[in-house]
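Coordinates in review
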Amino acid sequence: MPHGLSSKVISACFGLGAFVIAIIAGLSADNPFEDVVTRALVSMTLCAVVGMLIGTVAERTIRHAIDRYKVDPTTQPSANGSRTPPQTPGRPADL
């Protein structure tokens, strides 16, 4: 996947989701159509920015993990974040 594409997809999903929710909520509350559309556009813009930030953080985190794995694929991250060598099933860890 090209660099930056996943953060753009996440941003678009956040923005469109906010737009749909704002339209549905505004129309169900019987607000004037102009107010509904204005609020939906504002919420779409704000949520798209938040989605871009979240997508960028997620993309950097994933890229960092992939780069670490490429350097040393024999180690696996443990639950607490430290790197430990893989263990053979059925064998104690101290052998």
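Within each chain, residue numbers correspond to sequence positions counted from 1 in written order. Local features are withheld for residues below a pLDDT of 70 in this predicted model, meaning they are given only at 70 or higher, and side-chain atom pairs are given and counted only at 80 or more; totals for whole chains, interfaces and linings count all residues. Note: side-chain values were computed over all heavy atoms of the structure, leaving out hydrogens and water.

Side note on unusual backbone geometry
The backbone of Asp 30 sits at a positive phi, close to 60 degrees, despite the residue not being glycine. Tracing the backbone shows Asp 30 in the loop between helix H1 (5-28) and helix H2 (33-71). Taking relative accessible area as the criterion, Asp 30 reaches 69% and is therefore assigned exposed. Helix and strand definitions here come from DSSP, where helices need a minimum of 4 consecutive H or I residues and strands a minimum of 2 consecutive E residues; each element is numbered from the N-terminal end. Per-residue accessibility, obtained with a 1.4 Å probe over protein chains only, is compared with the maximum for each type, and a residue is labelled buried under 20%, exposed over 50%, and partly exposed between these values.

A word on H2
Over its 39 residues, H2 runs 56 Å from end to end, which matches the ideal 57 Å to within 8%, given 1.5 Å per residue. Those residues of H2 that sit buried are Val 36, Ala 40, Ser 43, Gly 51, Gly 55 and Glu 59. Here the buried face of H2 lies against H1. Under the convention used throughout, the expected extent of a helix is 1.5 Å for every residue step, that is, one less than its residue count. Any two residues whose heavy atoms approach within 4.5 Å at even a single point are treated as in contact.

Some points on the environment of Cys 13
Tracing the backbone shows Cys 13 in helix H1. As a C-alpha pair, Cys 13 and Gly 51 span 38 residues in sequence and 7.7 Å in three-dimensional space.

So, H1
Across its 24 residues, H1 extends 35 Å between first and last C-alpha, which sits within 8% of the 34 Å expected from 1.5 Å per residue. All of the buried residues along H1 are Ser 7, Ser 11, Gly 15, Ala 18, Ile 23 and Gly 26. Contacts from the buried residues of H1 go to H2. Asp 30, located one to two residues past H1, shows a positive phi value of around 60 degrees.

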